[in-house]
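# Working through the structure, step by step
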Amino acid sequence: MGESRGSIAFFATYRPPVPLGIFSVPIPLSSIRDEVHLTDGVSYNYNCRPIPKDALKSLLKRPKLAAEGGATDADIDSDRVSGLLFVSERDGGLETLQVALRFKDGGKACKVFSLADVFGAADFSIVRLEDSGCVGGGYKMGSRSVDHSIIYVSTKEAVQERRSPWTVVYKTNLRTGKTERLTPKGQFDLSPAVSPSGKKVAMATFRPEGWQGEIEDLQTDIFVMNVERPPMRKRLIKNGGWPSWASEDVIFFHRKVGETWGVFRHDVRTNETVRVTPEDFDAVTPAAISETKVAVATIRQKSKFSDVRVEAQYRHIKIFDTAASPKAAGADHPEDEAQGGPLQPLRPGRRRPRRMESPVKDVGLFRVSGVFPTISKDGSKLAFVDNEFKAVWVADSQGLRVVYETKGPDNIFSPMWNQNPDKDILYVCMGPSFNAGKPLEICAIPNVSSGVRQRRKLTKGNFNNAFPSSSPDGSRFVFRSTRHGGDKKHKNLYIAEDAEVGEYSGGTVTRLTNGDWTDTHCQWSPSGDWIVFSSTRDKPKDAPELDNGLDPGYYAVFMVKASDPTVVIRVIRSGDDLGGHVNHPVFSPDGRSIAVTADLASVSADPISLPLFIHSVRPYGDIFVVDINPEDASKNKDVKKFHRVTHSRYEYSTPAWTVFATDDPNAQWNMLVKKDSYTPACPYAYPDGGESWHMTGHLYIPRRCC
């Protein structure tokens, strides 16, 4: 079996709850009926750019497209066939570039090919993220013709430096299939854009000091290079992102000034930069139409994390014309998906787990359409909480169903199975979520599989108790609590000595850790000797109280000996200065590895371009695995090597590791696992549009399409 070490489950934060399709509209728009759905309705599709005719003809000469494309040069010249380059999540859940041939007639609406289909698997087979595809080249350099190339971002090259981006710009020649790196070694870029001539590439570049933990405004600079001479690049704009060429001499871009995002126009000829959009609302992700006209995504009213959003808080497409009078400078696209109304809860079929492509050869990977996945020790049951934190779902031999619901203001989250499968007990946290100052109780749901829907309290007092994890035999459980945290609500670890009764009926609690910091996200090891947890205990005294206004930051992963709390080992740190986030550690079933959600690879996309960019408690990142020595704990201090498991623009969090493979027939929930996910796991996400792209009088707009 390929997944001999089992499988990792996780959920995605801020991923849209319904698939996105790509649409076009003419400019000016006369009717909403003029919108055309350009993609094939499969998976999530976004970040689209058109393929110029000459470049498309070169693509059609590639063997796969020549054999299966069903298009000719004449079709392209007569506009019967057009080409699109866009990001889709159809290949094992990876966010990768696809080439689409769109047919106007003849019954063939759209044919889609991956870059591996077009160019072969040599450069396009590993787990990676690809983004911001565009076409360069296609011009004369003296007597030589420069071939067309696809220019794009990829995370395919591993970087072992902690908290460093992996995003690098490459170009792949359409004629030869050769791929070259354009980003210089040691530098990292986002959002490449090619000038109309195909000669120049602009990109948002991380500064020399690297990523500093920014979660919304990356404060990148915009650099420009020649497609054929990538080392010769220069900084054009300080503090800007998402460049869009209007001509060879004019670039639009976005930038945050104070509390508001705006779109700006930069004239290369005069070196003049002016703000295009008003200061009283946010405007992002510009798409140039001409030297004076640009389409932007606007947000009229800022959202809070807990909001049920109103129309003004959704993104709308708006066109600004700097040549028009100030009063007439902005013209609205009549509507995007903001008029769609509130989302309906996901149906049971849409909550099925989805298999993902894993870069770890002996470990499977799947995404759960819910929050805080947990798998019983015998692999027979998968549980998670719904996106609203109001219901517990279980997948087992009886299918997929709700086994417990809560009404009123309290939430339910962080479920965890008792590791004695004979007990059929699920622990949950109940109360206000993400508020350390409010009481939070740990409860047990007994006889979960029976569907009785009862619960019993296990913790007492006006404390915030969370993240229970039972010992391997199920007799005790460890949890974190604020019960000795004072006014600042510091959190330490405690052990309930009787898992059946907790603090009731004479049950006692033993304090495991002690300090003015946060110890949290605890899990008992399979051997029972160690407890792994995330902690801020090494945070410098002079560090800011909050990181980006969210949590304390400076999270690292530690192990404490269950029988001797004086033995503590720091296993995984984030940055060299211990800044950052390494959270929700879990042991592999064999005890040889620890999986975490962490910011070890920085960010892989401009956060403000995502459909929802409001963070709740902390930034997460991707799923990573660190190998440890289960026999000699002394060798586990500050493990240097890590393995990146996921590559995503979203944030993947709270892993769970089961001994069973995603295709193991003994794990009964596997009957529900499907491949090629279209279904998200996204608490607090809404179906915004946001990005748009201009082509020959049309805007390309990502929208929900179901």
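Residues numbered from 1 in each chain as written. Predicted model: local features only at pLDDT ≥ 70, side-chain atom pairs only at ≥ 80, totals over all residues. Heavy atoms only, no water.

Now for the overall build of the chain. In terms of helices and strands, the chain carries four helices and 51 strands. The buried share among the 706 residues of the chain stands at 62%. Restricting to contacts in the chain with at least 6 residues of sequence separation, those with at least 24 account for 58%. Accessible area for the chain stands at about 26,700 Å²; split by element, carbon and sulfur atoms hold 48% of it. (Helix = DSSP H or I, 4+ residues; strand = E, 2+ residues; numbered from the N terminus. Buried < 20%, exposed > 50% of the residue type's maximum accessible area, 1.4 Å probe, protein only. Contact = heavy atoms within 4.5 Å. Areas by Shrake-Rupley, 256 points an atom, 1.4 Å probe, with all protein chains shown as cover.)

Once that is clear, we can look at the pairing of strand β38 (residues 492-496). Burial analysis of β38 places five of its five residues in the buried class, which makes it a mostly covered element. On β38, burial covers both faces: Asn492, Tyr494 and Ala496 on one face and Leu493 and Ile495 on the other are all buried. Judged from the five bridges that link them, strand β37 (residues 477-481) and β38 form a sheet pairing that is antiparallel. Paired with Arg480 across the strands is Leu493, a residue of β38. Pairing between β38 and strand β39 (residues 509-511): three bridges, direction antiparallel. Each bridged residue has a counterpart across the sheet, and for Ala496 the counterpart in β39 is Val509. (Pairing = 2+ DSSP bridges.)

So, on to the packing of aromatic side chains. Under the definition given, this model contains 17 aromatic pairs. Taken together, a centroid distance of 6.0 Å and an interplanar angle of 50° make the contact between Phe11 and Phe372 tilted. Here Phe11, found in strand β1 (residues 7-13), pairs with Phe372, found in strand β28 (residues 371-375); they are 361 residues apart in sequence, far enough to count as distant. Here Phe11 matches Phe372 in class, with each residue buried. By the ring-pair criterion, three or more aromatic residues cluster together here, those being Phe11, Phe372, Phe389, Phe413 and Phe467. We note Arg644 situated over the ring of Trp166; from NZ or CZ to the ring centre the distance is 4.8 Å. (Phe/Tyr/Trp six-rings, centres within 6.5 Å; stacked < 30°, edge-to-face > 60°. Lys NZ or Arg CZ within 6 Å of the ring centre and 35° of its normal.)

Moving on to the sheet that holds strand β33 (residues 426-431). Pairing within the open sheet is antiparallel, and its four strands lie in the order β32-β33-β34-β35. One side of each edge strand has no neighbouring strand; the edge strands of this open sheet are β32 (411-417) and β35 (456-457). The pairing of β32 with β33 spans five bridges and is antiparallel. Bridge pairing in β33 places Ile412 opposite Met430.

Relative to the assigned elements, Pro243 resides in strand β18 (residues 241-245). Relative accessible area serves as the criterion here: at 2%, Pro243 is assigned to the buried category. Linking Pro243 and Val201, residues 42 residues apart in sequence, is a C-alpha distance of 9.5 Å.

Taken as a whole and assessed by the stated rule, the structure comprises 38 salt bridges. Across the pair Asp424 and Lys381 runs a salt bridge whose closest N-O atoms are separated by 2.9 Å. Of the two residues, Asp424 sits in the loop between β32 and β33 while Lys381 sits in the loop between β28 and β29 (382-385), which places them 43 residues apart along the sequence. Residue classification places Asp424 among the buried residues on the basis of a relative accessible area of 14%. Classification of Lys381 as buried rests on a relative accessible area of 7%. One salt bridge in this structure joins Lys637 and Asp638, with 4.0 Å as the shortest N-O distance. Judged by relative accessible area, which is 16%, Asp638 ranks as buried. By sharing partners, the salt bridges in this structure join Asp249, Asp267, Arg269 and Glu291 into a single network. (Salt bridge = Lys/Arg side-chain N within 4 Å of Asp/Glu carboxyl O.)

Okay, the sheet that holds β37 next. Taken together, four strands build an open sheet; the order of strands is β36-β37-β38-β39 and the sheet is antiparallel. Strands with a single pairing partner mark the edges of an open sheet, and in this sheet they are β36 (465-470) and β39. The mean angle between the axes of side-by-side strands here comes to 30°, regardless of whether they run parallel or antiparallel. Pairing geometry for β36 and β37, over four bridges, is antiparallel. Along β37, the bridge assignment pairs Ser469 with Val478. (Axes fitted to C-alpha atoms, helices over the stretch in contact; angles between N-to-C directions.)

A separate point is unusual backbone geometry. In most cases, non-glycine residues show a negative phi, while peptide bonds are predominantly trans. Unusually for a residue other than glycine, His584 sits at a positive phi of about 50°. Note that His584 resides in strand β44 (residues 582-587). Although it is not a glycine, Thr654 adopts a positive phi angle of roughly 40°. Within the fold, Thr654 resides in strand β48 (residues 651-658). The exposure class assigned to Thr654 is buried, which follows from its relative accessible area of 5%.

On to the nonpolar core. Core analysis: the biggest nonpolar cluster contains 59 residues, and Leu59 and Ile594 have the highest contact counts within it. For this core, the leading source of residues is strand β6 (residues 94-103), giving four residues. Leaving out residues up to four positions away in the same chain, Leu59 has contacts with Ile51, Leu65, Val99, Val118, Phe119 and Leu174. (Core = buried A, V, L, I, M, F, W, Y, C linked by side-chain atoms within 4.5 Å.)

Note that strand β20 (residues 260-267) and strand β21 (residues 272-275) share four bridges and pair antiparallel. Residue pairing in the sheet places His266 in a bridge with Thr273 of β21. Here β20 hands over to β21 after four residues, with Asn271 in that stretch at a positive phi of 60°.

This structure, assessed with the given rule, holds zero disulfides. Here Cys48 stays free of any disulfide, with the sulfur of Cys110 as its closest cysteine sulfur at 9.8 Å. Residue classification places Cys48 among the buried residues on the basis of a relative accessible area of 0%. (Disulfide = S-S within 2.5 Å.)

Along the chain, Ala55 falls in helix α1 (residues 53-59). For Ala55, a relative accessible area of 0% puts it in the buried group. As a C-alpha pair, Ala55 and Leu174 span 119 residues in sequence and 7.5 Å in three-dimensional space. Residue contacts for Ala55: discarding those within four places in its chain leaves Val135, His148 and Leu174.

Taken residue by residue, the chain gives an average pLDDT of 87. The fraction at 70 or more is 88%. Between residues 332-349, whose pLDDT stays under 50, and residues either more than four places distant or in other chains, the model counts 46 contacts. (pLDDT = per-residue confidence, 0-100.)

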